[in-house]
Every structure is written in structure tokens, then in C-alpha cells.
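Here is how the chains run, residue by residue.
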Amino acid sequence: MTATPEATEATPTIVLVGHGMVGQRFLEALAERGLTATHRVVVLCEEPRPAYDRVALTSYFSGKTPEDLSMTDMAFIETHGIELYVGDPAETVDREARKVTARSGQVFEYDVLVLATGSYPFVPPVPNKDAEGCFVYRTIEDLLAIEAYAKSKATTGAVVGGGLLGLEAAGALKGLGVEAHIVEFAPRLMPVQVDDGGGAALLRTIEEMGLSVHTGVGTQEIVVGSDGAVTGMKLSDGSELATDMVVFSAGVRPRDQLARDCGLTVGERGGISVDEQCRTVSDPHVFAIGECALASDGRVYGLVAPGYEQAETAAATIAADEAEELTFTGADLSTKLKLLGVDVASFGDAHGTAEDCLDVVYSDSRSGLYKKLVIGRDGTLLGGILVGDAEAYGTLKAFTGSVPPVSPESLVLPAGAGESVQLGPTALPDDAIICSCNNVRKGTIRAAVTDHQCTTVPEVKKCTKAGTTCGSCVKVLGQLVTAELEASGVEVDKGLCGCFSQTREELYEIVLALRINSYQDLLDRYGRDGAKGGDGCEICKPAVGSIIASLAPTIGASNYVLDGEQAALQDSNDHFLANLQKNGSYSVVPRIPGGEITPEGLIVIGEIARDFGLYTKITGGQRIDMFGARVEQLPLIWTRLVDAGFESGHAYGKSLRTVKSCVGQTWCRYGVQDSVRMAIDLELRYRGLRSPHKLKSAVSGCARECAEAQSKDFGVIATSGGWNLYVGGNGGATPRHADLLAQDLSDAELIKLIDRFLMFYIRTADRLERTSTWLERIPGGLDHVRDVVVEDSLGICEELESLMTAHVAHYADEWATTINDPEKLARFVSFVNAPDTPDPVVGFVPERDQIKPDLPLLTIGHRPLEGSAQR
Amino acid sequence: MTLAPETTDLKIQLQLEDGWFTVCELDRLLPGRGVAALLPDGRQAALFRDRHGKLYAVDNRDPFGGAAVLSRGLTGTHQGRPFVASPLLKQRFDLETGQCLDEESVRIATYEVRVA
């Protein structure tokens, strides 16, 4: 990009100082109003990277990369001709000449200057606060520095500040294997958001996680050793805490130095004073938005939602759009967070400051639960605090300011405690705000369904922006979408196919509960009226076949998928235990667990491929695929493979495919665990497990992630303390990074968790639904799955484990069984009446020293048909 | 050799231009699955048996993909009509009329079939 420092009269210039979340939203707001077309837009960004999701900063420690956190689509910047200067902060502003000078020396004239400089971490002025080993927690660079120091030099760490960021920082230290302490000056954790009761519930849960909490004490001095590095800290109660590093997280202050230097008015305690349009009170050409601004109500807002609102307000004002007179007069400080796995939420008048208000409190410190509602004299819900279970946050927040239609007690009592009721979001008025990050009202969400034909949550998110920032309202969104679809008379037939009105999950429950091991039995008893007694269809037969196979040992079915009636249910590929190719020939994939294979194994495969004239290719899953086998050749090929110790690779099945691995600590200089051994163990444990869709896995021996575990249905990454388990990843057409399910697991813990996860997926997923789409679809998403498989919230983990144990105990190689069964072998012929005659349609021609299919071109043309429930 | 059960005596026959052509024994056909037969003129037929024992025969070639694989497809009942779904790209064909259920203009040959 070349700078054109002179603005011409024809194109007025907007200079934005600061490219954080609010700055980026401001740019989007400019573009939406067409201002990027009429104005030159210059952005000066101090950090070395463009805007990223600072709210999710801590997720860096659970595996998100800086790229994952980015909020800046470079295509957006380029499309709108925005000049973005990264790593080049504004140094001075000359308001008289309307010029900004950047650190690089570039000078930009402006018509409008927008300051979005954010805030800086407050570090208390204690001795040695800048010593080696002292950090703040604000930028990606801060996190990189903390990570490097924790890994190389620290075994204990202390966080100064027990607020939101402090708890996140402490959790991050613990995740890095550092013994973590939290030092909070106030008498409780999260003093701004929760009251004493909530703080007590929080404290108990945090301490149970192994974090040490010191409340009611201040930091007096950082103690350093002879090398100048941190060795401890002196506290206000006279005690001393030994620690190798200190992270200051004691609040933030507005970054207003640039404004002060150019004479703009700032507040007594900082913040650039602005009016309701976010224009500075001193200069009509200068605006301030986000955490650096002191709003007209005298407050500095440190949350992203008010910042976004200010960005929109400033953009609307600059556009001078009379139809859209936005003002910013203050904002709601409601928050819902998941801190170290604990739900914490506060909304409205959480501390009950209104006159004559009353509290309704439910407290169970044994289970770390605390819920308080603040109720006005007339019954109006004014606010509240939820700790340990913030399920009701979305609904309660939306009801704030009105009298809820049910008694307040029933809203805080736990489920099952008599009077508790679920107050659905359908009871909300249309102007209730559902997504406060993006200021989306219920009416807008309903309109997305009724007027814009959105039928799914992802569509509604795209259409309305609701749920796209912090995600806390997504659950309520889902309920609203379903309710709206039902209300508009869209009959959603959730049945599996034309034969069954039940979903796959319901059929699974029926099969398991009633131990039904016959498809015909299931169809005749539970099929739709018109389908009973019939032959089913190509959708439900394999789906039910898969359910029966997954549960075979438990429901008394054969564990061999070609036995009896089961043979008739299998998809063509499973029926021949090979993958059908376009000319009617098959491909063969032997299992190569973890991708580890001996030279002898390679030679056997090579000899077989050579002897049968097969085309060979290395697969993406670290195996070898042999193509071009005719159906009658399959048993001959497999007899040799089985003799050499190979087993079915189930490349044809909706079942576990491969568990890829990197070479791990045995050979690799960076490896921290034996990833190959773990991959082999996992592959052998789950081989043959029939599931709603194929399952892929990988194990990486260190955080470099060479095995690409985060693109797998379940991926494992070694840590110095054990294994991190990721779930729901996918490659293919809609790639999805896997989510971290649990950290630092032992071998046994890892396997137990995967057992539960897979069985829960098999139980609840739809037909042909990969774990990635399943995680996105099921209510509650990852949090729900974690509750079920880690916390055992449904009390089913024992059952899930025993189902998997039964699978493992009863596994047998399908190909070994088949080649030893003459009756089954008789099926492997091209022609029932001419078993020795090969299918003449299957022909091959040479290509690059191997074969390829030679298909007579007598076809009508390809038109893939996907099975659909509507048929 | 032991005495075979009664079904092994039963043969499946297809009607061709010059009379009934014996394909195989009835018990080679699993309910819900098919087999392929090579006809004297080189054509191929796909034979199926439904759960009630009724037999069907259609041309074995998938007219969309070109491969002779319809005998390896899954069968089912759609609005009371028996069908087979091609294992290639899943188009369904009525087993009695040969009509493709997903593409009106496509129909495959059918054969009379009996047990004798």
C-alpha cells in the first residue's frame, strides 16, 4: 500500500486511531452507510496485527491461534479501499491544522478524526512492578510473553486482581502447568459483578479447581532476586507469597494520552469526554468511541457491547443520516461469562441499589450455586446475579424492567425443586433485546424467520448478527427460531424417512430400551402406518443397521454385519466390505493403525497390488488404498491380507476410519508424548464401531500439531502434563476447527472421555451427521456435551462406558470372519449363474504406469441424489 | 451329501424371448438383497427378493453411471411400490415397471421372473 498523505478536497478523509474490536465495528458501520465509498479512510493500528477478538483472548491458551482470533477480513479492508497501517500508532494530533502524525512519520490530514485507542492495564504503583517476570494481560503479545515465561522459568504464578480478567489469567496459568494464586484487594472475587453470596459460591468452586485465592489483601511490593527476576510478593497483611511470576490484572484505564496531548477535554478519572453522538465536547471534528471515551452519562464503558453501540452512533453521526439519529446515552452492563468452567452472570441492578427493592435468593454453596433476583416493590424484575448455573440468563435479562409472568422464586429454584418453571423466551415482548452485543431485538429475530425465510440458527445469525459476538444468546435464539417456525405453521417432519416418523435418536432409544435387534420388527411395530409390513427404504435400512451394529452386544444382535437379516440392511459398500468405484470395481483399504507399518507389511501390500494389477494410492489417513478389484477378487485379496496379519480398515463403513499420528517423542525432538502408541491404542479400541457417520481421529505428539488433530472428529494433542482432547473438527467442504473438550488428561482419563463422547454422539446424532454438525446443532452445543460427558449431568456416563466396553470386547475382524464362511463367500461373485466369469463392463486402461477405469460412455449424465427425509 | 431342504429344489427362472432361463436356486437370493445374472446374449439382469418372497428382475446396468451394479443396491417400498436404489448415485427404480422414480424420462428393462 502506498500512502497518499494529502487528502484532496474531493475526497474528505476519516482517520481512525486504534484498530481494536470497536474500531473494526466502526469501519463496518462506515461501510454499511456507504461512507467508505465517499471518503478516504485511514486506520492507524498500534498492535502488530489488525483487530482481533480480545473478549476471547484467553481461548489462545485452549488452542486458538492468533489467526483464529482475528476479526479482520482483509478482503473487507481491500474491498472498501481502507488504508490500514498495522504497527504504526498515531503519535501526535494537530487539531488546528487537522493533521495526525504517525510513528513512521507519515502525516494524514483529516476531516474527521475518530479515537478508538481503548484502554491500558492498570498496574498498581508498587516497588519492582516492572521486574522481569511481571506481566499484564491485555494483548496477544502479552499472552505470548506469559506463555514463554511460564514454560521456561516459572512453577508458581500470582495474579493481582480477582475480577473477570484476573480469573481468566489464573486459569490460563494453571493450564500452563503453573501453580496459580489470585490476590484480590476486595473481600470477594469478581467484586463488580457479584455480591458476597455469589462471591462465596464462586470462591468454593475456584478453590476446588486447585487455585489459591487470597481476598481482602493488597499487594505492597514485588520481591526480586539477585538476578532482578520476581521471586515473590509482599502482601498488605504482612505475609509474603513466593511466586516466580506476577500477572497484573487489576482493571484498566482509558488510553487518553493522545487526547490530553492535543488539548481535548478528559474526565477527572480519565476518558475523553464526548456527547451523546460520541463527538468530543472540545472539537466537532473529533470523535471518541469505546473504552477510551467518557460517555455523556459520566461513565467509561469497558464492555464490548456499549463500544459497538458507540461505533454505530459515531458512524451514523458522521453520515449525518437524519433518518437514523443514533445517540449513546449509556448502556447495560449485564454480563454472562464462563470462567474456568463456572457460569457467572449479572444483569440489570445486580446489587439492588434501587429504593425498596427486595432480593429473592437461592443459595447452595455445596454445589457452588447462587442465584439472586432483585425485585422492585411492584414486582418488576430489576436485575440479578447467577453463579454456577446461568441457564436462565437470556430469558431473565430480557424480562428485566418488566413484571415476569410467573413468581420470581420459581425462576431461581433448581429444576425438580417443586415449583420451578421454565420460562421460555416466547413469553418475551418483541422489543426485548435478545443479543445485547449487537443490540438485536426479539422482533428482528422473528422477522428473520417470517420475512427472510431463515429456518436455522446459523441463517438467523447471518441475517441479524445476533449471537455472533459472545454467543451467550444462541440458546435463546434456537428456541425462538423453533417457536417461530412452529407458529408459522411450518410442519417440520423430523422423521428419519418416509418409513419412520421418529428421529434417528428416538429410534436408537427404542432399539436400546426394548432390545430390538430386528429391522423388520422395528418397522412393523414403530414404522409409519403406510410403511409397516413393507420393505423399508434405502435411508432407514442402513441407519437402523448402523444402530443395531453399534449396540449389537448389548441388544443381543450379531457383531458381524453380514449375519442374517443385518446383511440386507447394509449399504452396498458394507455388504461387500469394500468401496464401490464408478465402474463397478472396488477399492480395498487394510487397517494400518496409527499409520505405523513394517517393511514386511508394505511388501505384502505391494505384492498383492502387483499380482492383482491394482492401482495404488496413499490416502489422507496414512493408509494405502488399492483400486480396481473385481467383486470376485475381494476374498482372494483378503485371504492374503488376513494371512499377513491385516484387518479390515472399514474404509467402506460409517465407522472409525483412521487415527493418524505424528512420529511423537520416540523420534521427534519436539515430541512430549508417545503419539504413535496412543494412536494405535485408540484405533484398535474403536475399530469397527458403527456410527451415524464416519469417524476420523488423530494424535499429535506436541503442540506443533503435525497430525492435524484439530480437524478430526476427535483429536488428541500431547501436553507436558498428558493429553488435550479436541472434538467436533472436520476437514472437507465445511472445515471446522475442533473444540477443546478437556485438558491434561492421563491415558485412562482420555480413553474414558472418548468412550463417553463417541457413545453420546452415536446415541444422539442424526443419520449422516458428522460430529462437527452435531455439535453445532444440539441444544447447548459444546457446553452441553461437556456437561454430559465430563460432569455426567445426565447420569448416563456409566451406561455410555459399558456400551463401549461391550463393543470393544466383542470386536472381530469382518474380513477374517467372511473368508472363513463359505456361505458368505458365495456372495462375492459377479454373476450368480456364472461364478467364474468376470463382469465384462469392468475394464481398465493404462495411465501413468498404473490402471484407470475404462467406462463405456453410455450414461445419462450424473445427477447425485441425496436421500432426504421428505421423500 | 445330505438331503437338501425343500427350498434348494426351487429354481429362479427369467423369461427371455426364447423361453424360461434358469438362473439359480431360490435360496441364493437373500430377502432385501439382489444378485446379478449373466444372460446368454451377454446382457445382465439384477434379481431381487422382497421380505414376502416376491421376486423381481430388472436390467443390471445403472443408466446414469453406466456400471452394471443395480443388483448391489438397497431395496425398499415407496408408496407401496418396490424399488431398488442404485449404489452409485442413489437414483431409485421401480422393480415392477423399471421406471426411474427420480427422473421421469428414464426407464430400465424388466423381466418376468418365476420360481420353478
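Every value quoted in this text rests on a predicted model; they were computed, and no experiment measured them. Starting from 1, residues in each chain are numbered consecutively following that chain's sequence as written. Just so you know, chain letters begin at A and ligand numbers begin at 1, following the order they were written in. Restriction of local features to residues with pLDDT of at least 70 applies here, the model being predicted, together with a cutoff of 80 or more for giving and counting side-chain atom pairs; totals for whole chains, interfaces and linings are based on all residues.

Undergrad: What exactly am I supposed to notice about the overall build of chain A here?
TA: A helix here means a DSSP run of H or I that spans at least four residues, while a strand means a run of E at least two residues long, and both kinds are numbered starting from the N terminus. From N to C terminus, chain A includes 29 helices and 38 strands. Put plainly, a residue is buried at 20 or more neighbouring C-beta atoms within 10 Å of its own, exposed at 12 or fewer, and partly exposed in between, counting only other residues' C-beta atoms, which are placed from the backbone. The 871 residues of chain A split such that 48% are buried. Pairs at least 24 residues apart make up 62% of the contacts formed inside chain A by residues separated by at least 6 positions. Note on contacts: residues are paired as contacts if their backbone-placed C-beta atoms lie within 7 Å.

Undergrad: Explain the overall build of chain B to me, please; I cannot follow it from the model alone.
TA: Looking only at helices and strands, chain B features zero helices and ten strands. Listed by position from the N terminus, the elements making up chain B come as β-β-β-β-β-β-β-β-β-β. Burial statistics for chain B: of 116 residues in total, 47% are counted as buried.

Undergrad: Honestly, the environment of A:R279 in this entry has me stumped. Any pointers?
TA: All names here are of chain A. You can see R279 is positioned in the loop between β18 (272–273) and β19 (286–288). Using a count of 20 C-beta atoms within 10 Å as the deciding quantity, one classes R279 as buried. Distance from R279 to A295, taken between C-alpha atoms, is 9.7 Å for residues 16 residues apart in sequence.

Undergrad: Could you clarify how one ought to interpret the confidence of the model for chain B in this entry?
TA: Reading fine detail from the predicted coordinates is not recommended where pLDDT is low. Residue and element names in this part refer to chain B. Values of pLDDT, which run from 0 to 100, indicate the predictor's confidence residue by residue. For chain B, the average pLDDT comes to 89, and 93% of its residues sit at 70 or higher. Confidence drops under a pLDDT of 50 for residues 1–7, and excluding neighbours within four residues, the segment shows three contacts in the predicted structure. Prediction confidence for the complex, expressed as pTM and ipTM, is 0.57 and 0.91 respectively.

Undergrad: Explain the interface of chain B and chain A here, please?
TA: Interfaces are often sized by the amount of accessible area the parts lose when they come together. Contacts between chain B and chain A engage 36 residues on the former and 36 residues on the latter. Put simply, the parts of the chain that give the side of chain B that touches chain A at least two residues each are β2 (19–25), β3 (34–38), β6 (74–78) and β7 (81–85) of chain B. For the side of chain B that touches chain A, the element with the most residues is β6(B), which contributes five residues. Looking at side-chain class alone, the side of chain B that touches chain A contains 20 nonpolar, nine polar and seven charged residues. Basically, the charged four are Asp, Glu, Lys and Arg, the nonpolar ten are Ala, Val, Leu, Ile, Met, Phe, Trp, Tyr, Cys and Pro, and anything else, Gly included, counts as polar.

Undergrad: Just checking my understanding: could you explain the nonpolar core for this structure?
TA: Note on soluble globular proteins: their nonpolar side chains tend to be buried together. Residue and element names in this part refer to chain A. Each nonpolar core reported here comprises buried Ala, Val, Leu, Ile, Met, Phe, Trp, Tyr and Cys residues connected via C-beta atoms within 7 Å. Counting residues in each nonpolar core, the largest one holds 140 residues, and the members touching the most others are F26, V114, L115, I289, I434 and L477. Element by element, the count of residues in this core is highest for helix α9 (residues 304–319), at eight residues. The residues touching L477, leaving out its near neighbours within four places in the chain, are I434, I445, V457, V460, A466 and G467. A549, C702, F714 and M759 belong to the second-largest nonpolar core, a separate cluster that totals 76 residues.

Undergrad: Can you help me understand helix α22 (residues 634–643) of chain A in this one?
TA: Side chains of residues three or four places apart in an α-helix project in the same direction, reflecting 3.6 residues per turn. Residues and elements named next belong to chain A. Along α22, the residues that are buried comprise L634, I637, W638, L641 and V642. With its buried residues spanning 130° around the axis, α22 presents them on a single face. Check the buried side of α22 and you find it contacts α20 (572–576), β29 (586–588), α21 (599–612), β31 (624–629) and α28 (814–819). Once α22 finishes, G645 follows within two positions and takes phi at roughly 95°, a positive value. Note that the arc is defined by the directions from the helix axis to the C-beta atoms.

Undergrad: Sorry if this is basic, but what is going on with the pairing of strand β10 (residues 156–160) of chain A here?
TA: Residues and elements named next belong to chain A. Of all the five residues making up β10, four are buried; the element is thus mostly covered by neighbouring parts of the structure. You can see the chain leave β10, run along helix α6 (residues 164–175) and come back into strand β11 (residues 179–184), and the turn it takes is right-handed. Bridge count for β10 against strand β16 (residues 245–248) is four bridges, and the pairing is parallel. Within β16, the residue paired with G157 across the bridge is M245. Here a crossover is taken to be right-handed if, once the strands point away from the viewer, the path from the first strand over the helix to the second is traced clockwise. Strands were regarded as paired on the criterion that DSSP finds at least two bridges between them.

Undergrad: How should the pairing of strand β7 (residues 112–115) of chain A be read in this particular structure?
TA: For a regular strand, side-chain orientation follows a simple rule: the groups alternate between the two sheet faces. All names here are of chain A. Side-chain alternation along β7 places V112 and V114 on one buried face and L113 and L115 on a second face that is also buried. Of the strand pairs in this sheet, strand β1 (residues 13–17) and β7 are connected by four bridges, and their pairing is parallel. Note on β7: the bridge partner recorded for L16 is V114. Relative to β19, β7 is paired through three bridges, and the arrangement is parallel. Its bridge partner lying in β19, L113 is registered against V286.

Undergrad: Would you mind going over the sheet that holds strand β8 (residues 92–94) of chain B with me for this structure?
TA: Within a sheet, each strand pairs with its neighbour through backbone hydrogen bonds, oriented either parallel or antiparallel. Residue and element names in this part refer to chain B. Across the sheet, three strands lie side by side as β6-β7-β8; this open sheet has antiparallel pairing. On the outer flanks of this sheet lie β6 and β8, each paired with one strand and no other. Recorded for the sheet is a direction-independent mean angle of 35° between the axes of neighbouring strands. Sheet analysis places β7 next to β8, joined by three bridges and oriented antiparallel. When the sheet's bridge partners are listed, V84 is paired in β8 with F93. Only C-alpha atoms enter the line fits that serve as axes; for helices the fit covers just the stretch in contact. Angles between N-to-C directions range over 0 to 180 degrees.

Undergrad: Whenever I open this one, the sheet that holds strand β12 (residues 212–215) of chain A confuses me. Can you help?
TA: All names here are of chain A. The strand order across the open sheet formed by five strands is β9-β16-β10-β11-β12, and the pairing between neighbours is parallel. The open sheet has two edge strands, β9 (134–136) and β12, and neither has a second partner. For this sheet, the mean inter-axis angle between neighbouring strands, taken without regard to orientation, is 20°. In this fold helix α5 (residues 140–153) packs onto β9, β10 and β16, with an angle of close to 150° to the strand it touches most, β9.

Undergrad: What's the story with helix α12 (residues 442–450) of chain A in this structure? I'm lost.
TA: Taken as a whole, α12(A) has its buried residues at A:K442, A:T444, A:I445, A:R446, A:A448 and A:V449. On its buried face, α12(A) sits against β26 (433–435), β27 (440–441), α13 (457–464) and α14 (474–487) of chain A.

Undergrad: Any chance you could explain the confidence of the model for chain A here in plain terms?
TA: All names here are of chain A. Here chain A averages 87 in pLDDT, while 94% of its residues score no lower than 70. Per-residue pLDDT stays below 50 along residues 416–422; that stretch engages in ten contacts with residues further than four places along the chain or on separate chains. Low pLDDT (under 50) marks residues 857–871, which in the prediction has 25 contacts with non-local residues, meaning those over four places away or in another chain.

Undergrad: Is there a simple way to think about the environment of A:K582 in this case?
TA: Its location among the elements puts A:K582 in the loop between β28 (579–580) and β29. When the C-alpha atoms of A:K582 and A:P853 are compared, they prove to be 7.9 Å apart, with 271 residues separating the residues in sequence. Look past the residues within four positions of A:K582 in its chain and what remains in contact with it is A:P853, A:L855, B:G65, B:A67 and B:L88.

Undergrad: Looking at this structure, how should I read unusual backbone geometry?
TA: Peptide bonds are trans in most cases, and residues, glycine excluded, mostly fall at negative phi. Residue and element names in this part refer to chain A. The phi angle at L577 is positive, at roughly 50°, despite the residue not being glycine. Within the element layout of this structure, L577 appears in the loop between α20 and β28. With a phi close to 60°, Q622 is a non-glycine residue in the positive phi region. With respect to the helices and strands, the residue Q622 is situated in the loop between β30 (615–618) and β31. With 19 C-beta atoms packed within 10 Å, Q622 lands in the partly exposed category.

Undergrad: I would appreciate a short explanation of the environment of B:D102 in the present structure.
TA: Residues and elements named next belong to chain B. By the secondary structure assignment, D102 is in the loop between β8 and β9 (110–111). With 17 C-beta atoms counted inside 10 Å, the residue D102 sits in the partly exposed group. Counting along the chain gives eleven residues from D102 to Q91, while the straight-line C-alpha distance between them is 6.0 Å.

Undergrad: Explanation requested: the packing of α12(A) against α13(A) in the structure shown.
TA: For any two helices packed against each other, the geometry is given by the interaxial angle and the distance between the axes. Residue and element names in this part refer to chain A. At a minimum axis distance of 10 Å, the contact between α12 and α13 shows a crossing angle of 115°. When you trace α12 past α13, the crossing you get is right-handed. Each of T444, I445, A448 and V449 in α12 lies in contact with α13, whose residues at this interface are V460, C463 and T464. A per-class count over the contact of α12 with α13 returns five nonpolar, two polar and no charged. Note on convention: near helix rotated counterclockwise from far helix by under a right angle means a left-handed crossing. Clockwise means right-handed.

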